[in-house]
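The lines below spell out each chain.
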Amino acid sequence: MSTKTNGLIGLTMLTAAVLVGLYGIFQYSVNAAGIYLVGSIAVFLIFVYAFCAKCPVRDNCTHVLQGMLTHCMPGRTTGPYSPGDLLGLLLFFGFVALFPQYWLIRNLMLMAVFWILFLGNLVITHFGCCRGCGNIYCMLRYE
């Protein structure tokens, strides 16, 4: 299986996790579900700008969508990631994972599905995309 296939599977799992979180929130609060949807899109774009736009191999991105999105954003010089760049990464994963937990805890099946998808994305990304990635500045890259 190619690294791009793994990237697409990971992105699909992450999207499915967000949709499960959205569904879990929507049952209790339409407003909170709207905040989660808009917030997830916003922090995804922040993540792409902060992390992916500095990647030296963004033109051949194993995650596919993120690499394509960097071409729609202001250019950034490749180089080591600053604490601010890493904050963008933490903001994205923190918001997507933690915001829906208040509502998902009320339905343990939804919570389990959410975490299986969310953690599955991280595992597929790490073992399927990060191995041999050309981004010498990424702390997750390995040979």
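Before reading on, note that the structure itself is shown above.
Notes on the structure in this doc start here. (Residues numbered from 1 in each chain as written. Predicted model: local features only at pLDDT ≥ 70, side-chain atom pairs only at ≥ 80, totals over all residues. Heavy atoms only, no water.)

1. So, the environment of Arg76
Defined as follows: Put simply, DSSP marks the helices as runs of H or I at least four residues long and the strands as runs of E at least two long, and each gets a number from the N terminus on. Here, residues are in contact when the closest pair of their heavy atoms is within 4.5 Å. Any N or O atom pair separated by 3.5 Å or less is treated as a polar contact, with the protein-specific requirement of one donor-capable and one acceptor-capable atom, and with residues adjacent in sequence counted only for side-chain atom pairs.
The topology assignment puts Arg76 in the loop between helix H3 (65-70) and helix H4 (83-98). When the C-alpha atoms of Arg76 and Ser40 are compared, they prove to be 23 Å apart, with 36 residues separating the residues in sequence. Look past the residues within four positions of Arg76 in its chain and what remains in contact with it is Tyr49, Ala50, Ala53, Lys54, Arg58 and Asp85. Separated by 3.0 Å, the side chains of Arg76 and Asp85 make a polar contact.

2. Section: the pattern of salt bridges
The condition is simple: Salt bridge, as used here, is a side-chain nitrogen of Lys or Arg placed within 4 Å of a carboxyl oxygen of Asp or Glu. The classification of residues rests on relative accessible area computed with a 1.4 Å probe and restricted to protein chains. Under 20% of the type maximum is buried, over 50% is exposed, and intermediate values are partly exposed.
Following the criterion strictly, the structure yields 2 salt bridges and no others. The residue Asp85 makes a salt bridge to Lys54 at a minimum N-O spacing of 2.9 Å. Of this pair, Asp85 sits in helix H4 while Lys54 sits in the loop between helix H2 (30-50) and H3, and the two are 31 residues apart along the sequence. Given the relative accessible area of 10%, Lys54 is considered buried. Among the ionic pairs, Asp85 bridges to Arg76, the shortest N-O distance being 3.0 Å. One salt-bridge network, in which partners are shared between bridges, spans Lys54, Arg76 and Asp85.

3. Points about the packing of aromatic side chains
The test is simple: Pairing of aromatic rings covers Phe, Tyr and the six-membered ring of Trp, with a centre-to-centre limit of 6.5 Å; geometry is then stacked below 30 degrees between planes, edge-to-face above 60, and tilted otherwise. A positively charged side chain is recorded as over a ring if its NZ (Lys) or CZ (Arg) lies within 6 Å of the ring centre. The angle to the ring normal must also be within 35 degrees.
According to the stated counting rule, one finds 16 aromatic pairs in the structure shown. Look at Phe47 and Phe93: their rings are 5.8 Å apart centre to centre, the planes differ by 70°, and that puts the pair in the edge-to-face class. One end of the pair, Phe47, is in helix H2; the other, Phe93, is in helix H4, with 46 residues separating them in the sequence. When its relative accessible area of 22% is taken as the criterion, Phe93 is described as partly exposed. Both rings, one in Phe99 and one in Trp103, keep their centres 5.3 Å apart while their planes meet at 40°; by these two values the pair is tilted. Overall, the relative accessible area of 23% leaves Phe99 in the partly exposed class. An aromatic cluster of three or more residues is present, and its members are Phe44, Phe47, Phe51, Tyr81, Phe92, Phe93, Phe114, Trp115 and Phe118. Positioned over the ring face of Tyr28 is Arg106, at 4.6 Å from the centre of the ring.

4. Let's talk about the layout of surface pockets
The condition that has to hold: Here a cavity denotes grid points, spaced 1 Å and computed from the protein atoms alone, that fit a 1.4 Å probe unable to get out, and a pocket denotes an open set having protein on both sides within 12 Å along at least 5 of 7 lines; residues with an atom within 4 Å of a point are the lining. Grid points are joined across faces, edges and corners, and a volume is the space filled by probe spheres set on the points. In this count, Pro and Cys sit with the nonpolar residues alongside Ala, Val, Leu, Ile, Met, Phe, Trp and Tyr, while Asp, Glu, Lys and Arg are called charged and the others, Gly among them, polar.
Its volume calculated, the largest pocket comes out at about 590 Å³. Lining the largest pocket are 33 residues, with Phe47, Phe51, His63, Thr125 and Cys130 sitting closest to its centre. Sorting the residues of the lining of the largest pocket by element identifies helix H1 (3-26), H2, H4 and helix H6 (108-129) as the ones contributing at least two each. Ranked by residues supplied to the lining of the largest pocket, first place goes to H6 with 5 residues. Residues of the lining of the largest pocket, tallied by class, amount to 20 nonpolar, 11 polar and 2 charged.

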